[in-house]
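Below, each chain spelled out in residue letters.
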Amino acid sequence: MATELLTGCAARGARVVDPHRVEYLDCGGYGVPLLGHAHPAVVQAVVGQVRRPSLLDRLMLDLVTPNGLDHIHTFASASEAAQFAVALAQANGRPRVLTTGDVPYGGIDALRSTLASGPPACVLVEPVRGAAPPPTGYLSAVAEVCREAGALLVVDETRSGLGRLGVWWGVDLDGVTPDIMLVGEGLSGGVLPIAAVVASAEVEVPLWRGPETVSPLASAAVNACLRVLASEGLVERAKLLGDELLYGLRAVVAGKAHATGRGLMLGVELPDQRAADVFTGELLRRRVLADFRGRTVSFTPPAVLSAEDAGWLVEAVGMAANKL
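Criteria and cut-off values
Residues numbered from 1 in each chain as written. Predicted model: local features only at pLDDT ≥ 70, side-chain atom pairs only at ≥ 80, totals over all residues. Heavy atoms only, no water. Axes fitted to C-alpha atoms, helices over the stretch in contact; angles between N-to-C directions. Helix = DSSP H or I, 4+ residues; strand = E, 2+ residues; numbered from the N terminus. Parallel < 35°, antiparallel > 145°, perpendicular 65-115°, else oblique. Left-handed = near helix turned anticlockwise from the far one by under 90°. Contact = heavy atoms within 4.5 Å. Nonpolar A, V, L, I, M, F, W, Y, C, P; charged D, E, K, R; others polar. Pairing = 2+ DSSP bridges. Core = buried A, V, L, I, M, F, W, Y, C linked by side-chain atoms within 4.5 Å. Buried < 20%, exposed > 50% of the residue type's maximum accessible area, 1.4 Å probe, protein only. Disulfide = S-S within 2.5 Å. Salt bridge = Lys/Arg side-chain N within 4 Å of Asp/Glu carboxyl O. Arc of directions from axis to C-beta. Right-handed = clockwise from strand over helix to strand, strands pointing away.

J.: How should I be thinking about the packing of helix H7 (residues 273-285) against helix H8 (residues 307-322) in this particular structure?
T.: For any two helices packed against each other, the geometry comes down to the angle between their axes and how far apart the axes lie. Close contact between H7 and H8 brings their axes to 8 Å; oriented N to C, the two are set at 140°. By the criterion of interaxial angle, the relationship of H7 to H8 is oblique. H8 is crossed by H7, and the crossing has right-handed handedness. For the pair H7 and H8, contact is made by Phe279, Glu282 and Leu283 and by Ala316, Val317, Met319, Ala320 and Ala321, respectively. Residues of the contact of H7 with H8, tallied by class, amount to 7 nonpolar, no polar and 1 charged.

Given below as structure tokens:
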């Protein structure tokens, strides 16, 4: 991930500045919250909490999660949250975990067959894999197959949740309520490390996992992040801005590559690895940070992207495509 190559840098909004004071447009990876880096309202909430007695405020995540997912467990990282979600499914008598490594993404018939051929399971799936949206109705079909087989549906919203797709959660696209949902580190607006598992009452069990990991500072950051997303209309802006960017990206890569995506989870699919290497090298020369994986270059910019920033991104992608 290109962002990880920059050390000793500062970040604010959609921009990252390296130790040599060179400015980059940050559109890559897990590390770009929808509300941008170091949003002042979130930072101020954390600073204000430092000055208050160390009492834990109520974590308000349940106010924005799908109806019925009211039980919240917090963790310091998404990997810890994922481990707990699996443990929760196993505690509910589903020892087998099926992912896209076991069943092809989008393969409903393969999922039905696999569930029927083994012990009780949970199905762990992302609403969007990579940058390409799934077939229409995919999540609702997965949910139906899980119900038929008595499997638990676990949806990983680490990348797609909190407004990234232009809706609060990827499951909202199909009107699905999973049994368990993972929420990633963007939960605090990128200010402090915290992730979460939210679960329905039907699967909630009193699992012991050690001391509570959420701190008053992290709680303040989460609540401020949720308020900013709602009050500044960033979820709605993610949809509008994403549509505009996708239109622009498709225009500048036409005939050279294919642009795809939903909301502010966008990608450019290159014809081969050589083209991908040339494309990503040119993007870096134009100081745009993205997520480079194989033949697909993914962009996850914040919703606070200005018109100037959006133009910077589209122009850089167009110039990179011209090098192919």
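J.: Which parts of the structure should I look at to understand the sheet that holds strand S6 (residues 121-125)?
T.: By definition, the strands of a sheet pair up through backbone hydrogen bonds, in either a parallel or an antiparallel sense. The strand order S4-S9-S8-S7-S6-S5 describes an open sheet built from 6 strands, whose pairing is mixed. Pairing within the sheet leaves two strands with one partner each, and these edge strands are strand S4 (69-75) and strand S5 (96-98). The mean angle between the axes of side-by-side strands here comes to 20°, regardless of whether they run parallel or antiparallel. Across 4 bridges, the pairing between strand S8 (residues 180-183) and strand S9 (residues 195-200) is antiparallel. Considered in S9, the bridge of Leu182 is made with Val197.

J.: I would appreciate a short explanation of the nonpolar core in the present structure.
T.: Side chains that are nonpolar tend, in soluble globular proteins, to be buried together. By size, the foremost hydrophobic cluster in this structure holds 77 residues, and its most contacted members are Leu245, Val268, Phe279, Leu283, Phe299 and Val317. In this structure, Leu283 is in contact with Val288, Ala290, Phe292, Val297, Phe299, Ala316, Val317 and Ala320, ignoring residues within four places of it in sequence. Core analysis: the second largest hydrophobic core is formed by 15 residues, Phe75, Ala81, Ile180 and Val197 among them.

J.: Help me understand the state of the cysteines in this model?
T.: Chemically, a disulfide is nothing more than a covalent bond linking the sulfur atoms of two cysteines. Under the counting rule described, the total for this entry stands at 0 disulfides. In this structure Cys122 is not part of a disulfide, and its nearest cysteine sulfur, from Cys146, lies 8.9 Å away. The exposure class assigned to Cys122 is buried, which follows from its relative accessible area of 2%. Residue Cys225 stays outside any disulfide, its sulfur separated by 18 Å from that of Cys27, the closest cysteine.

J.: I keep staring at the sheet that holds strand S10 (residues 258-262) and nothing clicks. Help me out?
T.: Taking strand neighbours across the sheet as the criterion, the 4 strands line up as S10-S11-S14-S13 in an open arrangement whose pairing is antiparallel. Where the open sheet ends on each side, the last strands, each with one partner, are S10 and strand S13 (291-293). Neighbour-to-neighbour, the strand axes of this sheet turn through a mean angle of 20°, independent of strand direction. As defined by bridge partners, strand S11 (residues 265-269) adjoins strand S14 (residues 296-299) across 4 bridges and the pair is classed as antiparallel. Each bridged residue has a counterpart across the sheet, and for Gly267 the counterpart in S14 is Ser298.

J.: Help me understand the pattern of salt bridges in this model?
T.: Pairing is possible between side chains that carry opposite charge, provided their charged atoms lie close to one another. This structure, assessed with the given rule, holds 10 salt bridges. For the salt bridge of Asp291 with Arg293, the shortest nitrogen-to-oxygen distance reads 3.1 Å. The network of salt bridges with common partners includes Arg15, Glu23, Glu308 and Asp309.

J.: Quick question: what am I supposed to make of the packing of helix H3 (residues 108-116) against helix H4 (residues 138-149) here?
T.: Their axes nearest at 10 Å, the elements H3 and H4 cross at an angle of 20°. In terms of orientation, H3 and H4 fall into the roughly parallel class. H3 and H4 meet at a crossing whose hand is right-handed. Here Ile108, Leu111, Arg112 and Leu115 of H3 come into contact with H4, specifically with Tyr138, Ala141, Val142, Val145, Glu148 and Ala149. When its residues are assigned to classes, the contact of H3 with H4 shows 8 nonpolar, no polar and 2 charged.

J.: Quick question: what am I supposed to make of H3 here?
T.: Side chains of residues three or four places apart in an α-helix project in the same direction, reflecting 3.6 residues per turn. By the burial criterion, the buried members of H3 are Ile108, Leu111 and Leu115. Relative to the axis of H3, the buried residues are bounded by an arc of 60° and lie together on one face. In H3, the exposed positions angled more than 90 degrees off the buried face are occupied by Asp109 and Ala116. Those residues of H3 that are buried are in contact with S5, S6 and H4.

J.: Teacher, can you tell me more about the environment of Phe279 here?
T.: Here Phe279 lies in helix H7. Separated by 38 residues in sequence, Phe279 and Val317 place their C-alpha atoms 8.1 Å apart. Not counting residues up to four positions away in its chain, the partners in contact with Phe279 are Val268, Leu270, Val297, Phe299, Val317, Ala320, Ala321 and Leu324.

J.: What is the right way to read the environment of Val205 from this model?
T.: With respect to the helices and strands, Val205 occurs in the loop between S9 and helix H5 (216-231). The contacts of Val205, once residues within four sequence positions are left out, are Leu88, Ala91 and Asn92.

J.: Honestly, the pairing of strand S7 (residues 152-156) in this entry has me stumped. Any pointers?
T.: Successive residues of a regular strand alternate their side chains across the two faces of the sheet. For S7, a buried count of 5 out of 5 residues is recorded, marking the element as mostly surrounded by other parts of the structure. Here S7 shows a buried face lined by Leu152, Val154 and Asp156 and a second buried face lined by Leu153 and Val155. For S6 and S7, the ladder comprises 4 bridges, and the chain directions are parallel. Residue Val123 lies in a different strand from S7, and its bridge partner there is Leu153. The handedness of the S6 to S7 crossover, carried by H4, is right-handed. Here S7 runs beside S8; their pairing, made up of 3 bridges, is parallel. When the bridges of S8 are listed, Asp156 appears paired with Leu182.

Function cannot be inferred from these measures alone, as they are strictly geometric.
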